[in-house]
Amino acid sequence: PSHPPFMDDSLEKFETELEFVQCLASPSYVHFLAQNRYFDDPRFVRYLRYLLYWCRPEYARYIVFPHALYFLRMLQKEEFREAMKKPDFYMFVHQQQGYFWQFNKTMTERKEVEGGGNL
């Protein structure tokens, strides 16, 4: 790919933010952040809001784990941040992510067969 679009010409900042955003694809990591009260800090919540620029196509193309962007968007909601503190909710999210990985290819293939290749 071409060079990444830089907001401040800082490769280190780009890589650090990319790595952090991709870590959000892990429900375990999000649960860790929640249990350690990172989401209770308004500065951290503002940082999560700032990171939404990764959802724009020119940045999203560098994301390897698409669930990272889903969780980044979900973390904008206080209810989700609070719920991720609870072990049972974390386990539910983790399980749902596993089901998605397990069955998404099958569901996509089924749609392609039923729809003649159109998704």
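Below is a summary of the structure that appears in this document.

What counts as what
Residues numbered from 1 in each chain as written. Predicted model: local features only at pLDDT ≥ 70, side-chain atom pairs only at ≥ 80, totals over all residues. Heavy atoms only, no water. Axes fitted to C-alpha atoms, helices over the stretch in contact; angles between N-to-C directions. Helix = DSSP H or I, 4+ residues; strand = E, 2+ residues; numbered from the N terminus. Parallel < 35°, antiparallel > 145°, perpendicular 65-115°, else oblique. Contact = heavy atoms within 4.5 Å. Nonpolar A, V, L, I, M, F, W, Y, C, P; charged D, E, K, R; others polar. Buried < 20%, exposed > 50% of the residue type's maximum accessible area, 1.4 Å probe, protein only. Phe/Tyr/Trp six-rings, centres within 6.5 Å; stacked < 30°, edge-to-face > 60°. Salt bridge = Lys/Arg side-chain N within 4 Å of Asp/Glu carboxyl O.

## Looking at the packing of helix 1 (residues 11-23) against helix 3 (residues 42-50)
Then step 1. Two elements in contact, helix 1 and helix 3, have axes separated by 12 Å at closest approach and are oriented at 100°. In terms of their interaxial angle, helix 1 and helix 3 are classed as roughly perpendicular. Residues K13, E17 and F20 of helix 1 lie in contact with helix 3, whose contacting residues are F44, Y47, L48 and Y50.
Then step 2. Its residues assigned to classes, the contact of helix 1 with helix 3 comprises five nonpolar, no polar and two charged.

## A word on the environment of K86
Then step 1. Relative to the helices and strands, K86 resides in the loop between helix 6 (78-83) and helix 7 (87-114).
Then step 2. The exposure class of K86 is partly exposed, given its relative accessible area of 49%.
Then step 3. Separated by 52 residues in sequence, K86 and A34 place their C-alpha atoms 8.6 Å apart.

## A look at the packing of aromatic side chains
Then step 1. Counted according to the given criterion, the structure contains 19 aromatic pairs.
Then step 2. Look at F20 and Y29: their rings are 6.2 Å apart centre to centre, the planes differ by 75°, and that puts the pair in the edge-to-face class.
Then step 3. With a relative accessible area of 14%, F20 lands in the buried category.
Then step 4. Y29 sits in the partly exposed class, given a relative accessible area of 26%.
Then step 5. With centroids separated by 5.9 Å and ring planes inclined at 45°, the aromatic side chains of F20 and Y47 adopt a geometry described as tilted. With F20 in helix 1 and Y47 in helix 3, this pair connects stretches of sequence that are 27 residues apart.

## Details of helix 5 (residues 67-74)
Then step 1. With six of eight residues buried, helix 5 is to be regarded as a mostly interior element.
Then step 2. Among all positions in helix 5, only H67, A68, L69, F71, L72 and M74 are buried.

## A word on the environment of L69
Then step 1. In this fold, L69 is placed in helix 5.
Then step 2. A relative accessible area of 10% places L69 in the buried class.
Then step 3. Remark: the alpha-carbon pair of L69 and C55, spanning 14 residues in sequence, is separated by 6.4 Å.
Then step 4. Apart from residues lying up to four places away in sequence, L69 is in contact with V21, W54, C55, A60 and I63.

## Quick word on the pattern of salt bridges
As a working rule, side chains carrying opposite charge can pair if their charged atoms are close by.
Then step 1. Summed over the entire model, instances satisfying the criterion amount to six salt bridges.
Then step 2. The salt bridge involving E17 is made with K13; its shortest N-O contact spans 3.8 Å. With E17 and K13 both in helix 1 and four residues apart, this pair spans about one turn of that helix.
Then step 3. The buried category is assigned to E17, whose relative accessible area is 5%.
Then step 4. Its salt-bridge partner being K85, residue D40 comes within 3.0 Å of it at the nearest N-O pair. You can see D40 sitting in the loop between helix 2 (27-35) and helix 3 and its partner K85 sitting in the loop between helix 6 and helix 7, a full 45 residues away along the chain.
Then step 5. On the basis of relative accessible area, D40 is assigned to the partly exposed category, the value being 32%.
Then step 6. Three or more residues joined by partner-sharing salt bridges are found here, namely R37, D40, E82 and K85.

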